[in-house]
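What the coordinates show
Here is how the chains run, residue by residue.
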Amino acid sequence: MLEARELACLRGERAVFAGVSFRVPPGAALLLTGANGAGKSSLLRLLAGLLRPAAGALLWEGEDALGDRVEHARRLRYLSPQDALKPALTARETLAFAARLHGAAGDAGAALAALGLLPLAELPVRLFSTGQRRRLALARLALAPAPLWLLDEPTLGLDTAAVSRLGGLLARHREGGGAVVAATHLPLPLPGAAEFRL
Ligand SMILES: Nc1ncnc2c1ncn2[C@@H]1O[C@H](COP(=O)(O)OP(=O)(O)OP(=O)(O)O)[C@@H](O)[C@H]1O
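As a convention, each chain's residues are numbered from 1 in the sequence order in which they are written. Reporting in this predicted model follows two pLDDT cut-offs: at least 70 for local features of residues, and 80 or more for side-chain atom pairs to be given and counted; totals over whole chains, interfaces and linings ignore these cut-offs and use all residues.

Turning our attention to the overall build of the chain. If you tally the helices and strands in the chain, you get six helices and nine strands. The buried share of the chain, reckoned over its 198 residues, is 36%. In this description, a residue-residue contact is defined by the distance between C-beta atoms placed from the backbone, which must lie within 7 Å. Intrachain contacts of the chain at a sequence separation of at least 6 include 70% that bridge at least 24 residues. Strands are runs of DSSP state E lasting at least two residues, helices are runs of H or I lasting at least four, and both sets are numbered from the N terminus onward. As a rule, residues whose C-beta atom has 12 or fewer other C-beta atoms within 10 Å are exposed, those with 20 or more are buried, and those in between are partly exposed; C-beta atoms are placed from the backbone.

Given below as structure tokens:
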């Protein structure tokens, strides 16, 4: 269970938001919506432990989540708006690298298949289209389980088939008790998700 209590965020000494409170139980999904610049990406970075809250608390299972950042990082996967991919690596090498980073064996083939990328497995990422890059960034989610997924605009650039594959991945994650917080301007395949408007 993730709980935000009265979170506030400053960026460049400017208050972006304050008084943000919500709970995300296991298996649940929360959509962060709001105008450009409202602070959706900033809130996700804060939930990921990459940005310090100016006020408030972030709790995991009732305990301070940010006291031990390494432990917090272990329990989550963060998909940033930049895909954070190395151009020289192939898709398969990218996933093998990510699996080692998560300290898990991870099945690169299954993760590639989950996003329909098996035909591109041996291709270097520098040759990927925008949507293919996004699919590969998302395939990392399928490598090893983590209870909390933080997704910044996960469907940006995806075609309808890839959105549907992502829907399957999200559903399996939630069925296993995983939670999702996603920032978006687009409809996401997250049935029953709650919405928090910034
Ligand atoms: N590194 C930074 N330094 C200073 N201000 C920043 C920084 N990053 C973001 N901001 C500011 O923080 C505010 C919130 O930005 P953020 O990217 O969180 O918004 P967003 O809701 O995700 O927007 P969008 O819908 O356009 O993606 C904006 O006013 C932005 O200019």
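There is more to say after this.
Right, let's talk about the sheet that holds strand β1 (residues 2–11) for a bit. Here, a strand pair is defined by DSSP locating no fewer than two bridges between the strands. Reading across from one edge, β2-β1-β4-β5 is the order of the four strands in this open sheet, with antiparallel pairing throughout. Strands with a single pairing partner mark the edges of an open sheet, and in this sheet they are β2 (14–24) and β5 (63–64). Strands β1, β2 and β4 (55–60) of the sheet are contacted by helix α1 (residues 40–47), whose axis makes an angle of about 120° with β1. For helices, the fitted line uses only the C-alpha atoms of the stretch in contact; every axis is such a line through C-alpha atoms, and the angle between N-to-C directions lies from 0 to 180 degrees.

Here we come to the sheet that holds strand β6 (residues 76–79). Across the sheet, five strands lie side by side as β6-β7-β8-β3-β9; this open sheet has parallel pairing. The sheet terminates laterally at β6 and β9 (194–197), the two strands that pair on one side only. For this sheet the average axis-to-axis angle between neighbouring strands, irrespective of direction, equals 15°.

Looking at the element boundaries, Gly19 is found in strand β2. Residues Gly19 and Thr130, 111 residues apart in the sequence, show an inter-C-alpha distance of 36 Å. For Gly19, the residues in contact, after removing those within four places along its chain, are Glu6 and Ala8.

A word on the site of the ligand. Close contacts around the ligand come from Arg11, Gly12, Val16, Gly34, Asn36, Gly37, Ala38, Gly39, Lys40, Ser41, Ser42 and Ala183, and that covers them all. Element by element, the count of residues in the shell around the ligand is highest for α1, at three residues. For this classification, the nonpolar set comprises Ala, Val, Leu, Ile, Met, Phe, Trp, Tyr, Cys and Pro, the charged set comprises Asp, Glu, Lys and Arg, and every other residue, Gly included, is treated as polar. Of the residues that constitute the shell around the ligand, the class distribution is three nonpolar, seven polar and two charged. The criterion for a residue being near a molecule or strand is simple: its C-beta atom, placed using the backbone, must lie within 6 Å of it.

A word on the confidence of the model for the chain. The pLDDT value tells you how sure the predictor is about a given residue, anywhere from 0 up to 100. Overall, the predicted model of the chain reaches an average pLDDT of 94, with 99% of residues at or above 70. Interface confidence for the predicted complex, expressed as ipTM, amounts to 0.96; the pTM equals 0.95.

With five of its five residues buried, strand β7 (residues 148–152) lies for the most part within the structure. As paired elements, β6 and β7 share four bridges and run parallel to each other. Residue Arg77 lies in a different strand from β7, and its bridge partner there is Trp149. Two strands pair when backbone bridges link them, and β7 and strand β8 (residues 179–183) are joined in this way by five bridges, in the parallel orientation. In the sheet register, Trp149 faces β8, and the bridge partner there is Val180. Of the crossover connections in this fold, the one passing from β7 over helix α6 (residues 160–175) to the parallel β8 is right-handed. The crossover handedness rule: strands pointing away from the viewer, path from first strand over the helix to second strand clockwise, crossover right-handed.

Turning our eyes to something else, we now look at the nonpolar core. Buried Ala, Val, Leu, Ile, Met, Phe, Trp, Tyr and Cys residues whose C-beta atoms connect them within 7 Å together make up a nonpolar core. Within the largest apolar cluster, 49 residues are counted, with the highest numbers of intra-cluster contacts made by Ala139, Leu150, Val180, Val181 and Ala182. If you tally residues by element for this core, the top one is β8, at five residues. Aside from chain neighbours lying at most four places away, what touches Val180 is Ala29, Trp149, Leu151, Leu170, His173, Arg174 and Leu190.

β8 sits mainly inside the fold: five of its five residues count as buried. Judged by which residues are buried, β8 turns out to be covered on both faces: Ala179, Val181 and Ala183 on one side and Val180 and Ala182 on the other are all buried.

For helix α5 (residues 130–139), the tally of buried residues reaches eight of ten residues, placing the bulk of the element in the interior. Of the positions making up α5, those classed as buried are Gln132, Arg133, Arg134, Arg135, Leu136, Ala137, Leu138 and Ala139. Looking at the buried residues of α5, the elements they touch are β6, α3 (91–101), α4 (108–114) and α6.

With a phi close to 50°, Ala84 is a non-glycine residue in the positive phi region. Here Glu153, not a glycine, exhibits a phi torsion of approximately 50°, which is positive. With respect to the secondary-structure elements, Glu153 resides in the loop between β7 and α6. C-beta crowding within 10 Å serves as the criterion here: with 20 such atoms nearby, Glu153 is assigned to the buried category.

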